[in-house]
Amino acid sequence: MNLLFFDIECASVYKTTAKICAFGYVLCDEHFNIIEKEDILINPKGKFHLTDGSGGHGLVLPYEYGEFKKYPVFPQVYDRIKKLLEDRNNLVFGHATLNDVNYLDLETRRFHLPPFDFTFSDSQLMYMTSIGDFTRQFSLKDVTKNLDVEFTPHRAADDAYATMRVTEALCKKHNCSCAELEDVLRIKRGKITNHRIIKPTSAAFGEYKNECVRKKAERAKCRSKFYGRVNRRHTAKSDKLKGMIFNFSRQLEYNTEVSIPLVDAVFLFGGKYTQKLAECNTYVCEKDDDTARTRKAISDGVVRIISPDELRKMIDD
């Protein structure tokens, strides 16, 4: 069994088109000894319109764009790529592989070619599962910076090589072969067949998503309870907080054991509460809170930012 690592670069990507300009791959044996490494450069039959992950125009591919017109178009290299990916002796891997598989599928539709049919895995998903962190996407640059892997980012064959080295490092970490790695990490391979794409899945990622759904439901329940209290009819017994309009951090609102007694006191002493940050003149958060609403309160220059303890002291005084 051989291992095939691949990466794709596109001249442009839109919702229904992806004009591939490079298919890079590394073919190695099960011990990660390289058999072949190559960039298959392709005439994309279109202009280069490159965007980075944030949608800006900062991405630059390490190629001479003007040279691409002399390379074959996708239908001319299709059979070679298809043979590599569909060879049942090759285990196929990529990084954020779902994107590249989708690009291949879009090109077959564009040129009216038979669809691809192969299974694939994803070093990004394997890495996230291995470290138990699903809070963000890890680029090849993120993953390789601590693995001492040198490569030229966005050169397709080099990205494929980096993907191989990441997978090799994961095998060493878990003391298993590449063929065993997915079982160790409880990962199910993705598949493309007849234009239908199924993404790779991780049992741990599924558990993480279920936990996120549970926490979201719990936050919604707490928020409903908190604002149910805020929207009740309140009678002030004092004007100690008169003129003060409060807003709490999200985290504080969700912690109803703390937030409900505090907001009751705000109303009791003549203060008001608003759901809109822009309308408040006193914002309450824990000192170490770094959530989006708190950062906005700081950047917007809310008149006063205090902690729950400071609000309690203000009321007690």
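To be clear, the structure that these remarks concern was listed above.
Residues numbered from 1 in each chain as written. Predicted model: local features only at pLDDT ≥ 70, side-chain atom pairs only at ≥ 80, totals over all residues. Heavy atoms only, no water.

## Describing the packing of aromatic side chains
- The tally for this structure, following the rule as stated, stands at 22 aromatic pairs.
- A ring pair is formed by Tyr227 and Tyr273, whose centres lie 6.2 Å apart and whose planes are at 65°; its orientation type is edge-to-face. Separated by 46 residues along the polypeptide, Tyr227 in helix H7 (residues 203-230) and Tyr273 in strand E11 (residues 272-273) bring together distant segments of the chain.
- The buried category is assigned to Tyr227, whose relative accessible area is 8%.
- The exposure class of Tyr273 is buried, given its relative accessible area of 11%.
- An aromatic cluster is present here, built from Phe74, Tyr78, Phe111, Phe116, Phe118 and Phe120 joined pairwise through their rings.
- The cationic tip of Arg189 hangs over the ring face of Phe93; the distance from NZ or CZ to the ring centre is 5.3 Å. (Phe/Tyr/Trp six-rings, centres within 6.5 Å; stacked < 30°, edge-to-face > 60°. Helix = DSSP H or I, 4+ residues; strand = E, 2+ residues; numbered from the N terminus. Buried < 20%, exposed > 50% of the residue type's maximum accessible area, 1.4 Å probe, protein only. Lys NZ or Arg CZ within 6 Å of the ring centre and 35° of its normal.)

## Brief notes about the sheet that holds strand E8 (residues 196-198)
- Read from one edge to the other, the open sheet built from seven strands follows the order E3-E2-E1-E4-E5-E7-E8, with strand pairing classed as mixed. In the strand order of this sheet, the two ends are held by strand E3 (34-41) and E8, each with one partner. Strand-to-strand twist across the sheet, computed as the mean angle between neighbouring axes with direction ignored, equals 25°.
- Alignment of strand E1 (residues 2-13) against strand E4 (residues 90-94), held across four bridges, turns out to be parallel. Within E4, the position partnered with Leu3 by the bridge is Leu91.
- Its contacts with the sheet put helix H3 (residues 123-131) on E4 and strand E5 (118-122), and the angle it makes with E5 is roughly 40°.
- Against the sheet, helix H5 (residues 156-174) contacts E1, strand E2 (18-28), E3 and E4, and its axis sits at roughly 45° relative to E2. (Pairing = 2+ DSSP bridges. Axes fitted to C-alpha atoms, helices over the stretch in contact; angles between N-to-C directions. Contact = heavy atoms within 4.5 Å.)

## Focus: the side chain of Asp7
- Checked against the element boundaries, Asp7 lands in strand E1.
- Of the side chains bearing the opposite charge, Arg155 lies closest to the buried Asp7, which forms no salt bridge; the N-O distance is 10 Å.
- Residue contacts for Asp7: discarding those within four places in its chain leaves Ala22, Phe23, Gly24, Asp100, Ala156, Asp159 and Ala160. (Lys, Arg positive; Asp, Glu negative; His and termini not counted. Salt bridge = Lys/Arg side-chain N within 4 Å of Asp/Glu carboxyl O.)

## Considering the nonpolar core
- Counting 29 residues, the largest nonpolar core has Leu3, Phe5, Phe32, Phe93, Met126, Met164 and Leu181 as its most contacted members.
- Looking at this core, the elements that each hand over two or more residues are E1, E2, E4, H3, helix H4 (140-144), H5 and helix H6 (178-185).
- Considering every element that reaches this core, the biggest residue donor is H5, with seven residues.
- Ignoring sequence-local partners within four residues, the contact set of Leu3 consists of Val26, Leu27, Cys28, Asp29, Glu30, Phe32, Leu91, Phe93 and Cys178.
- Listed in part, the 27 residues of the second largest apolar core include Ile20, Ile42, Leu85 and Leu104. (Core = buried A, V, L, I, M, F, W, Y, C linked by side-chain atoms within 4.5 Å.)

## Section: helix H11 (residues 308-316)
- Along H11, the residues that are buried comprise Pro308, Leu311 and Ile315. Summarising the axial view, the buried residues of H11 lie within an arc of 60°, below the 170-degree limit, and thus occupy one face. Exposed residues lying more than 90 degrees from the buried face of H11 are Asp309, Lys313 and Asp316.
- Where H11 is buried, its residues meet strand E10 (245-248), helix H8 (250-254), helix H9 (256-268), strand E12 (282-284) and strand E13 (304-306). (Arc of directions from axis to C-beta.)

## Side note on unusual backbone geometry
- Even without a glycine there, the phi angle at Lys45 is positive, about 55°.
- Turning to its location among the elements, Lys45 is positioned in the loop between E3 and helix H1 (74-86).
- Even without glycine at this site, Asn175 takes up a positive phi of about 55°.
- Among the structural elements, Asn175 can be located in the loop between H5 and H6.

## Some thoughts on the state of the cysteines
- Taken as a whole and assessed by the stated rule, the structure comprises zero disulfides.
- Not engaged in a disulfide, the cysteine Cys178 finds its nearest cysteine sulfur in Cys171; these two sulfurs lie 4.5 Å apart.
- For Cys178, a relative accessible area of 2% translates into the label buried. (Disulfide = S-S within 2.5 Å.)

## A few points about the pattern of salt bridges
- According to the stated counting rule, one finds 19 salt bridges in the structure shown.
- Across the pair Arg80 and Glu38 runs a salt bridge, and its minimum N-O distance is 2.4 Å. Remark: Glu38 occurs in strand E3 and Arg80 occurs in helix H1; sequence separation between them is 42 residues.
- We classify Glu38 as partly exposed; its relative accessible area is 29%.
- Via salt bridges that share partners, Arg223, Arg250, Glu253 and Arg293 belong to a single interconnected network.

## Brief notes about the packing of H5 against H6
- Closest axis-to-axis distance for the H5/H6 pair is 10 Å, and the angle between their directions is 65°. With respect to each other, H5 and H6 are oriented roughly perpendicular. The handedness of the crossing between H5 and H6 comes out as left-handed. Two secondary-structure elements touch here, H5 through Thr167, Leu170, Cys171 and His174 and H6 through Cys178, Leu181, Val184 and Leu185. (Parallel < 35°, antiparallel > 145°, perpendicular 65-115°, else oblique. Left-handed = near helix turned anticlockwise from the far one by under 90°.)

In short, shape yes, function no, at least from these values alone.
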